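# Architecture at a glance
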Amino acid sequence: MSTALNPKRTVAELKELRALTGDRNGAQRVAFTATWAKARAWLRRKLDEIPAEVHNDAAGNTWATLRGTSEKALLIGGHMDSVPNGGWLDGCLNVLAGVEILRRINAQYAGNPPVTVRLVDWADEEGARFGKSLFGSSACSGNLDMIEARALVDKTGVRLVEALRDHGIDFERVKDSGCELANAAAYLELHIEQGPVLLDFDLPLGAVLGTFGVERHAITFHGQAAHSGSTPMNRRKDAFLAAAKMSPEIYRIAERNGGVCTIGSCTTHPGIVTSVVEECCITLDQRHLDPVALGRMHTEAREASERFAIEGNVGVTWERLWHIAPHPFHEELIAFCDDAIRETCGISHRLPSGPLHDAAEVAAAGVPTVMMFVQSLHGISHNKIEDTKEEHLGLAVTAFDKLADKAMAWITAR
Ligand SMILES: [Zn+2]
């Protein structure tokens, strides 16, 4: 058996999977459906050929294990599930690159690597059917909200609990999957970028610094409705005027602090052409990798809203809609990732991840974690046009394999 990594085989297997589980509208591997189960059965045959020990944990995550001299484990993760009409690479590139790396390690060490190496296919990363992403990894990390998850229902009225049962999973026991992380020493995940940063720099690969934290709020300005003809400009309590001043302000806040800020919606009341706006509600979504800077962006926006309210003689109230902390990745693993990329294609770039990934849950569970991104053509995903140059896919598998080697050496030396 050849001990050489074969990235071309990964590309061929991605095409095989696309033919097996996609249609003219894109990938159809929605978690806990028959097509998803078919994709996983196909994966299992690939893993059996390596051969690796394969089992499903209590949350339905599939684990393939190569036992090593040390019980300390290097984890490589991805997800076979897709959104409906999804792309051909999101999630399954990570898994199939992992399969190729398991093959290489198994052959090189004749079935006994220095550390245990495990590939995990997380169950339902996308949350496409029940509206809750990172199901399998959040059950494993212990962060899954059981009360919220127990109540989830899909569009046709099927409960998550029932869908899980159909796939042999007992909802009440899903957090038992946490035992899988007992010997986890490092976690690596390769993913398409899903955004335009690497494309704009014309770079194939990047080392990911972590996943953004999010502050999401509804901000309501309270003024007074008044006739648009009879009310002089200096006598108005115009809720819209105060809200509108927030728009340029959030660009200044983002520029000062280095994050991203979005006002995604604006509604006015009474919302008629002949009245000054009595009430104006905007939503603000702020994201940053650094928790202190994220907190500062939030405070600055709040102070600005109060200043604009006073200027306009209106009131302002804030309501938090959602919040998640940033999950910065492991410094040393980020450096290894950078090195692996540079050794493969001469140049690397460090970037944060806007979208959440299973890696954020593993990092939250305290396992040293890093991700590698490969350029997305069109900077787009969750769409059948999602694509990456085959040459870049090859570089990604090669660099990710080098990262796996560096992480194994690091685990051994610790
Ligand atoms: Zn994904």
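This one's a predicted model, so the numbers in the text were calculated from it and none came from an experiment.

Our focus in this paragraph is the layout of surface pockets. Approximately 760 Å³ is the volume attributed to the largest pocket. Forming the boundary of the largest pocket are 28 residues, of which Ser-133, Leu-134, Trp-322, Ile-324 and Leu-356 lie nearest the centre. Those elements that place two or more of their residues in the lining of the largest pocket are strand S12 (315-324) and helix H11 (358-364). In terms of residue class, the lining of the largest pocket is made up of eight nonpolar, 11 polar and nine charged. Considering only enclosed or pocket space, the second largest pocket measures out at about 200 Å³ in volume. Along the walls of the second largest pocket sit Glu-53, His-55, Thr-65, Arg-67, Glu-71, Ala-73, Thr-116, Arg-118, Cys-179, Glu-180, Ala-182 and Asn-183, which together make up its complete lining.

This part is about empty space enclosed by the protein. Counted by the stated rule, this structure contains one cavity of 30 Å³ or more. Taken as a whole, the largest cavity holds about 30 Å³ of empty space. What lines the largest cavity is Asp-124, Lys-132, Phe-135, Leu-144, Ala-149, Leu-152 and Leu-160.

Reading across from one edge, S10-S11-S9-S12 is the order of the four strands in this open sheet, with antiparallel pairing throughout. Two strands bound the open sheet, and with one partner strand each, they are strand S10 (260-269) and S12. Neighbouring strand axes in the sheet, compared pairwise and without regard to direction, differ in orientation by 15° on average. In the sheet, strand S9 (residues 213-222) pairs with S12 via nine bridges, with the strands oriented antiparallel. In the strand pairing of S12, Thr-220 is matched with Thr-317. Running at roughly 175° to S10, helix H8 (residues 239-257) makes contact with S9, S10 and strand S11 (279-288) of the sheet. Taken strand by strand, helix H9 (residues 291-312) contacts S9, S10, S11 and S12, and its axis lies near 160° from that of S11.

Scanning the model with the defined rule gives 26 salt bridges in all. Residue Arg-150 pairs with Glu-172 through a salt bridge whose shortest N-O separation is 3.0 Å. Highlighted residues: Arg-150 in helix H5 (residues 146-150) and Glu-172 in the loop between helix H6 (160-166) and strand S7 (184-192), separated in sequence by 22 residues. Taking the relative accessible area as the measure of exposure, Arg-150 reaches 33% and is therefore partly exposed. The exposure class of Glu-172 is partly exposed, given its relative accessible area of 49%. Between Glu-300 and Arg-256 there is a salt bridge, and its shortest N-O distance comes to 2.9 Å. Residue Glu-300 is found in helix H9, and its partner Arg-256 is found in helix H8; the two are separated by 44 residues along the sequence.

Thresholds, definitions, all that
Residues numbered from 1 in each chain as written. Predicted model: local features only at pLDDT ≥ 70, side-chain atom pairs only at ≥ 80, totals over all residues. Heavy atoms only, no water. 1 Å grid on protein atoms, 1.4 Å probe; cavity = no way out; pocket = protein on both sides within 12 Å on 5 of 7 lines; lining within 4 Å. Points joined across faces, edges and corners; volume = space filled by probe spheres on them. Helix = DSSP H or I, 4+ residues; strand = E, 2+ residues; numbered from the N terminus. Nonpolar A, V, L, I, M, F, W, Y, C, P; charged D, E, K, R; others polar. Pairing = 2+ DSSP bridges. Axes fitted to C-alpha atoms, helices over the stretch in contact; angles between N-to-C directions. Contact = heavy atoms within 4.5 Å. Salt bridge = Lys/Arg side-chain N within 4 Å of Asp/Glu carboxyl O. Buried < 20%, exposed > 50% of the residue type's maximum accessible area, 1.4 Å probe, protein only.

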